[in-house]
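# Geometric and topological summary
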Amino acid sequence: MAKKTKYYVVWEGHQPGIYTSWTDAQKQIHGYTGAKFMSFTNKSEAELAFRTGEMPKSLKSKNKEKYYVVWQGHRPGIYTHWDEALKQIAGFKNAKYKIFGSKKLAQKAFEEGPLNYQGDYKKTRDLSDEELKKIGIPIELSLCVDAACNHKGDFEYRGVWTFSRDEVFKVGPYKKGSNNIGEFLALVHALAFLNGHKDEQMKTMPIYSDSKIAMGWVKAKVCRTKQKPSAKVLNLIDRAEHWLNTNTYKNPILKWETKVWGEIPADFGRK
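Residues numbered from 1 in each chain as written. Predicted model: local features only at pLDDT ≥ 70, side-chain atom pairs only at ≥ 80, totals over all residues. Heavy atoms only, no water.

## Some remarks on the overall build of the chain
Here is the rule we go by: Every helix listed is a DSSP run of H or I at least four residues long, and every strand listed is a run of E at least two residues long, numbered separately from the N terminus. For every residue, the accessible area obtained with a 1.4 Å probe (protein chains only) is divided by the maximum for its type, and the residue is called buried under 20%, exposed over 50%, and partly exposed between those limits. By definition in these notes, contact holds between two residues if any of their heavy atoms fall within 4.5 Å. Note on areas: these come from Shrake-Rupley sampling with a 1.4 Å probe, and a residue is covered only by the protein chains present in the view. When charges are tallied, Lys and Arg are placed among the positive residues and Asp and Glu among the negative ones, while His and the ends of the chain are skipped. A charged residue contributes its charge at one atom only: NZ of Lys, CZ of Arg, CG of Asp or CD of Glu.
Each helix and strand counted, the chain has 10 helices and 11 strands in total. Overall, the chain is about 65 × 40 × 40 Å in size when its C-alpha atoms are taken along their principal axes. Counting all 271 residues of the chain, 42% fall into the buried class. Long-range contacts, defined here as pairs at least 24 residues apart, represent 58% of the contacts in the chain between residues at least 6 apart. Working note: accessible area of the chain is about 16,300 Å², and carbon and sulfur atoms make up 50% of it. Positive and negative charge centroids in the chain, built from 46 and 30 side chains respectively, lie 4 Å apart.

## Some details on the pattern of salt bridges
When charged atoms on two side chains of opposite charge get close, those side chains can pair. Condition: A carboxyl oxygen of Asp or Glu within 4 Å of a side-chain nitrogen of Lys or Arg is what we treat as a salt bridge.
On inspection of all chains with the given rule, the structure shows 5 salt bridges. Notably, a salt bridge pairs Lys175 with Asp154, separated by 4.0 Å at the nearest N-O pair. In this pair, Lys175 sits in the loop between β9 (167-174) and α7 (179-195) while Asp154 sits in the loop between β7 (143-149) and β8 (155-161), placing the two residues 21 residues apart along the sequence. Between Glu200 and Lys203 there is a salt bridge, with its nearest N and O atoms 3.6 Å apart. Under the relative-accessibility criterion, Lys203 is labelled partly exposed at 23%.

## Topic: the sheet that holds β8
Let me state the cut-off plainly: Should DSSP find at least two bridges between two strands, the strands are regarded as paired. Angles run from 0 to 180 degrees between N-to-C directions of axes, and those axes are lines fitted to C-alpha atoms, restricted for helices to the stretch in contact.
Within the open sheet, the 5 strands sit side by side as β9-β8-β7-β10-β11. Their pairing is mixed. In this open sheet, the two strands that pair with only one neighbour each are β9 and β11 (253-255). If you compare each strand with its neighbour and ignore which way they point, the axes differ by 20° on average. Direction of pairing for β7 relative to β8: antiparallel, over a ladder of 7 bridges. Paired with Ala148 across the bridge in β8 is Glu156.

## Examining the state of the cysteines
Applied cut-off: For the purposes of this analysis, a disulfide is any pair of cysteine sulfur atoms at a distance within 2.5 Å.
As enumerated under the stated definition, the model contains 0 disulfides in all. No disulfide involves Cys149; its sulfur sits 13 Å from the nearest other cysteine sulfur, which is in Cys223. You can call Cys149 partly exposed: its relative accessible area is 31%.

## Observations concerning the sheet that holds strand β4 (residues 67-72)
Reading across the sheet, the 3 strands line up as β5-β4-β6 and stay open at both edges, with antiparallel pairing between neighbours. A single partner strand is all that each edge strand has here, and the edge strands are β5 (77-79) and β6 (96-100). Put simply, the sheet's adjacent strands are angled 20° from each other on average, direction ignored. By the bridge criterion, 3 bridges tie β4 to β5 in an arrangement that is antiparallel. Residue pairing for β5: Val69 is matched across the bridge by Ile78. Against the sheet, helix α4 (residues 82-89) makes contact with β4, β5 and β6, and its axis sits at roughly 10° relative to β4, the strand it touches most. Each of β4, β5 and β6 is contacted by helix α5 (residues 103-112), which is oriented at about 0° to β4, the strand it contacts most.

## A short note on unusual backbone geometry
Leaving glycine aside, a negative phi is the common case for residues, and trans is the common case for peptide bonds. In this chain, Gly172 is followed by Pro173 through a cis amide linkage whose omega measures 5°. Positionally, Pro173 belongs in strand β9. For Asn94, which is not glycine, the phi torsion reads 60° and is therefore positive. The residue Asn94 is located in the loop between α4 and β6 in this model. Given a relative accessible area of 56%, Asn94 falls into the exposed group. A positive phi angle, near 55°, is found at Lys176, a position not held by glycine. With respect to the secondary-structure elements, Lys176 resides in the loop between β9 and α7. Look at Lys176 and you get exposed, because its relative accessible area is 54%.

## Points about helix α8 (residues 212-220)
To be explicit about the condition: The arc in question is the one traced by the directions running from the helix axis out to the C-beta atoms.
Within α8, the full set of buried residues consists of Ala214, Met215, Trp217 and Val218. An end-on view of α8 places all buried positions within 160° of arc, on one side of the element. Every exposed residue of α8 that faces more than 90 degrees away from the buried side is listed here: Lys212 and Lys219. Looking at the buried residues of α8, the elements they touch are α7, β10 (207-209), α9 (231-246) and β11. Immediately downstream of α8, the backbone of Lys221 shows phi near 65°, a positive value.

## Quick notes on the environment of Asp166
For Asp166, the position within the fold is in the loop between β8 and β9. In this structure Asp166 comes out as partly exposed when scored by relative accessible area, which is 46%. C-alpha of Asp166 to C-alpha of Leu143: the two residues are 23 residues apart in sequence and 10.0 Å apart in space. Not counting the four nearest positions on each side in its chain, Asp166 is found in contact with Gly159, Val160 and Trp161.

And the structure:
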């Protein structure tokens with residue numbers, strides 16, 4: 001699948017205009033005091049925005065506030081405007097920063113440092129007290145799993161301890177599969193791994209996944225993919241389904257709440 005073109009509108013910069021390369025657009029705002037710019041995925045919207053000097057009204061309601069955490073920069077802090085954050089990291093060697101959708105999580109991340117915030121946190125958001133009470137916080141003594149897949153169908157998966165982020169297992173890559181297949185295999189691998197231990201605590205340890213589809217497949221004890229996997233991947237699926245149908249387990253399989261907690265610790269960080 002071809003990568004979608006982005007359009008970078010520079011209203012105020014060295015040379016205002018519409019650019020299709022972030023590198024080119026960055027040259028126009030780097031070192032320019034009060035630079036004003038924005039990216040668009042739609043060419044007509046970008047042209048309208050450049051012509052009128054502001055983003056289309058249809059986008060304003062969708063434009064959720066972002067929080068830019070700068071851990072290492074000219075002036076570390078939390079910024080609500082990208083141009084201000086950019087000033088702090090531009091020209092700063094080994095600058096460290098991250099974008100958050102949740103103000104509370106941004107504040108927590110700034111205080112704790114970048115070590116435990118390696119994934120993508122743009123989709124996080126602040127919830128009401130009632131929502132937070134319902135969702136709660138992740139169970140530290142648990143195992144997290146995730147998968148990664150490219151546009152060719154090559155995938156891999158892994159599991160990490162939630163409390164330490166240490167990798168427990170990593171499998172792949174395999175060809176001709178899908179991300180959902182990888183998520184399914186990761187969950188079954190985690191179940192087999194934990195239940196293979198003599199320690200009874202392992203046999204009741206929670207497992208986190210951010211894939212509702214894979215969780216549903218495990219519950220049904222069948223991989224319901226519509227893809228046509230390779231022979232090797234089909235063999236892995238058969239083995240996983242066999243394990244589910246010939247074993248019992250007590251490990252709770254829980255949904256990782258990405259919008260509140262950020263990316264699952266097992267995330268491959270390729271977004």
